[in-house]
Amino acid sequence: MHKMPRIWIDYCQLMVSQCKITRSRRTFDRALRALPITQHPRIWPLYLRFARNLPLPETAIRVYRRYLKLSPENAEEYIDYLRSVGRLDEAAIRLAAVVNDENFVSKEGKSNYQLWHELCDLISQNPDKVTSLKVGAIIRGGLTRFTDQLGKLWCSLADYYIRSGHFEKVFDSFAQFEESMIAAKMETTSELGQDEEDDIDLELRLARFESLITRRPLLLNSVLLRQNPHNVHEWHKRVKLYEGQPRQIINTYTEAVQTIDPLKATGKPHSLWVSFARFYEDNEQLDDARTIFEKATKVNYKQVDDLAAVWCEYGEMELRHENYDQALRILRKATAIPARKAEYFDSSEPVQNRVYKSLKVWSMLADLEESLGTFQSTKAVYDRIIDLRIATPQIIINYAMFLEEHNYFEDSFKAYERGIALFKWPNVHDIWNTYLTKFIDRYGGKKLERARDLFEQALDGCPAKYAKTIYLLYAKLEEEYGLARHAMAVYERATAAVEPEERHQMFNIYIKRAAEIYGVTHTRAIYQKAIEVLPDEHARDMCLRFADMESKLGEIDRARAIYSYCSQICDPRVTAHFWQTWKEFEVRHGNEDTIREMLRIKRSVQATYNTQVNFMSSQMLKATTNATGTGEHLTAKLYSGLSLFFHGMPFHYPVNF
């Protein structure tokens, strides 16, 4: 009885009552397929009720889409369901289709304008959810379609722009509305034959429109500040909009500093206080500016740096007006130890209890004390900075230089020592460099043992990256004031202590200094060590220089032995320059036997490198055979591997001469 709707209805109700979702859906679908289309209205109400009660809306949406293909007049029911489940984008699309369908008759008795108004409300109030429609174009289309309802439609368009954050477009919509109303008023006046100049209402509208255009930036700024009253940048913009209106500027600054919560502020809230004080300063009202700064120092900012900036700006203002004692007093007050001390990064404490550890304020106070205070007061400030453990390497160097300028040389060295105790590598690098240089300039060779102790202390734990400078300074000290053998020992230590890429340069310096002090024969051992420890690229260069030196000394056999040793790391296909140099050497100093021996060595070296390549290819062949078998595929892999090995390697075929 598959053609009997009563049986299908009972069957579907049974499945629904048992909460068998998938079986119920399939049963409804079978019923719709089995029954003639004239019987479908008996099934669809049950099917739709079942679909609406499901926990996920996707099934109901698909069911409704099929239902509307047969009964498009029930689109309003589907739209209501979509709005109830939050699928507003599709609801707007369906509602727009209904509005554009001239043959659609609402079952709820709604007119086309009422449906259009519903669409405008839906899309204007949910701009973040309705993304498939061009909202602005739709509402503007309604403006030309329903000319007697312009006010509501313009409000809908403005509401959409406000909710979307397009505040400039809100103003544009408002301006266009005013303009359209003026045009309509002028047209009405013209039709009635009235004089436009005598129409007070028209003049008022024109004046309102002109005022609106004038106030555009201020209105936009007001909207943004209502959206986020803690936006520091917008408050600064508002002050600029009132340029030339002192009373409005003061009111704006006052409102800004009272409104903004520093903990929620976007931007730097202290900049408003500073600008407020600068406004009074520019108008020669220093007492009012001081009052603003005093209030600014009591604000609970989010960051200590904000309060430190306020104190520094306060001091800068007094300096600009040559109130030097006042500036010193302000900075000393800022750095005074509070009754309740707190750590710099302890956010649970107000910034006023932590600003005494701000290096920014202490640095400015140190500069002022150097320029305006006494030697003792300046020294006390630097000592306090070091005691608080907030000093930087630059502060230590500045302190030592200050003491040196006043001829307190030993005190300046003690300052360097205190800095060295505070910092570790690499932060201590600049302090050591300055300290060692100043010590040598001061004492030269008078306190040689003390200088050596300082260098050894500096080199203890020194990273290879920073060792080169200190070793060169150490060697220079030994050369000028110490012993030559000590200098050579320092150079030798340096060749092992510096970074690998600097060793070649260090060996060059070592060889040059050894040749100047002891003569070129003393460099043989250095050359030998360099060839042993340097990578092949630099070892070849050392070998060539070593051999050249021996040939200049007339030690031809020594030079030939060096060339022979170096040939073992010189592939003829890559290092043609080496073999050409050896060939020229043999042409000048050798004979037929030595040239033949050189050629034999060259062939032997080339065979060695070829053997290494063949061994590598055989290993690749073996691995490939184990993995993929034999055949043309194997050969292709082998050639591919060899091409990778030789990629970028220039080939030089041997030439007999």
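A quick note: this is a predicted structure, and the numbers were derived from the prediction, not measured.

So, how was this worked out
Residues numbered from 1 in each chain as written. Predicted model: local features only at pLDDT ≥ 70, side-chain atom pairs only at ≥ 80, totals over all residues. Heavy atoms only, no water. UniProt positions renumbered as here; feature names shortened; annotations may be inferred. Helix = DSSP H or I, 4+ residues; strand = E, 2+ residues; numbered from the N terminus. Expected span 1.5 Å × (residues − 1). Buried < 20%, exposed > 50% of the residue type's maximum accessible area, 1.4 Å probe, protein only. Arc of directions from axis to C-beta. Contact = heavy atoms within 4.5 Å. Phe/Tyr/Trp six-rings, centres within 6.5 Å; stacked < 30°, edge-to-face > 60°. Lys NZ or Arg CZ within 6 Å of the ring centre and 35° of its normal. Patch = residues over 30% accessible without salt bridge, like charges linked within 9 Å, V, L, I, M, F, W, Y side chains within 5 Å. Areas by Shrake-Rupley, 256 points an atom, 1.4 Å probe, with all protein chains shown as cover. Salt bridge = Lys/Arg side-chain N within 4 Å of Asp/Glu carboxyl O. Lys, Arg positive; Asp, Glu negative; His and termini not counted. Charge placed at Lys NZ, Arg CZ, Asp CG, Glu CD. Axes fitted to C-alpha atoms, helices over the stretch in contact; angles between N-to-C directions. Parallel < 35°, antiparallel > 145°, perpendicular 65-115°, else oblique. Left-handed = near helix turned anticlockwise from the far one by under 90°. Nonpolar A, V, L, I, M, F, W, Y, C, P; charged D, E, K, R; others polar.

## Remarks on the UniProt feature "repeat: TPR" (unreviewed entry) in the protein
Logical step 1: As annotated in UniProt, the feature "repeat: TPR" (unreviewed entry) corresponds to residues 308-341 in the numbering used here.
Logical step 2: The span residues 308-341 is 71% helix and 0% strand, and its two end C-alpha atoms sit 16 Å from each other.

## Observations concerning helix α4 (residues 57-70)
Logical step 1: The terminal C-alpha atoms of α4, which comprises 14 residues, lie 21 Å apart, in line with the 20 Å expected from a rise of 1.5 Å per residue.
Logical step 2: Taken as a whole, α4 has its buried residues at P57, A60, I61, V63, Y64, Y67 and L68. The buried residues of α4 all sit within an arc of 165 degrees when viewed along its axis, so they share a single face. For α4, the exposed residues lying more than 90 degrees away from the buried face are R62 and K69.
Logical step 3: Against the buried residues of α4 lie α3 (40-52), α5 (75-84) and α6 (88-100).

## What to know about helix α30 (residues 556-566)
Logical step 1: Taken as a whole, α30 has its buried residues at I556, A559, R560, I562, Y563 and C566. Here the buried residues of α30 occupy an arc of 160 degrees about the axis, which is enough to place them on one side.

## Things to note about unusual backbone geometry
Logical step 1: The residue after W425, namely P426, is reached through a cis peptide bond having omega 0 degrees.
Logical step 2: Structurally, P426 can be placed in the loop between α22 (409-422) and α23 (429-443).
Logical step 3: Its identity as a non-glycine residue notwithstanding, E284 has a phi of 60 degrees, on the positive side.
Logical step 4: Summarising the element assignment, E284 is placed in the loop between α15 (270-282) and α16 (286-296).
Logical step 5: A relative accessible area of 73% means that E284 is categorised as exposed.
Logical step 6: In this structure, N407 is a non-glycine residue whose phi angle is positive, near 65 degrees.

## Let's talk about the packing of aromatic side chains
Logical step 1: On inspection of all chains with the given rule, the structure shows 28 aromatic pairs.
Logical step 2: One aromatic cluster is present, formed by F28, W44, Y47, F50, Y64, Y67, Y78 and Y81 through successive ring pairs.
Logical step 3: Its guanidinium or amino end placed over the ring of F409, R442 lies 3.8 Å from that ring's centre, counting from NZ or CZ.
Logical step 4: One residue, R442, lies across the ring of Y443, its end atom 5.7 Å from the ring centre.

## Overview of a positive patch on the surface
Logical step 1: A cluster of like positive charges, contributed by K20, R23, R30 and R33, occupies part of the molecular surface.
Logical step 2: Since its relative accessible area comes to 33%, K20 is described here as partly exposed.

## Concerning a nonpolar patch on the surface
Logical step 1: A cluster of nonpolar residues, M1, M4 and I7, forms a patch on the protein surface that exposes about 340 Å² of accessible area.
Logical step 2: By the element assignment, I7 lies in helix α1 (residues 5-17).
Logical step 3: Under the relative-accessibility criterion, I7 is labelled partly exposed at 41%.

## Notes on the packing of helix α27 (residues 500-518) against helix α29 (residues 536-552)
Logical step 1: Two numbers describe how α27 lies on α29: the axes approach to 11 Å, and their chain directions differ by 20 degrees. With respect to α29, the axis of α27 lies roughly parallel. The two elements α27 and α29 meet at a crossing, and its hand is right-handed. Residues H504, F507, N508 and I511 of α27 form the contact with α29, whose participating residues are H538, D541, M542 and R545.
Logical step 2: Of the residues assigned to the contact of α27 with α29, the class counts are three nonpolar, three polar and two charged.

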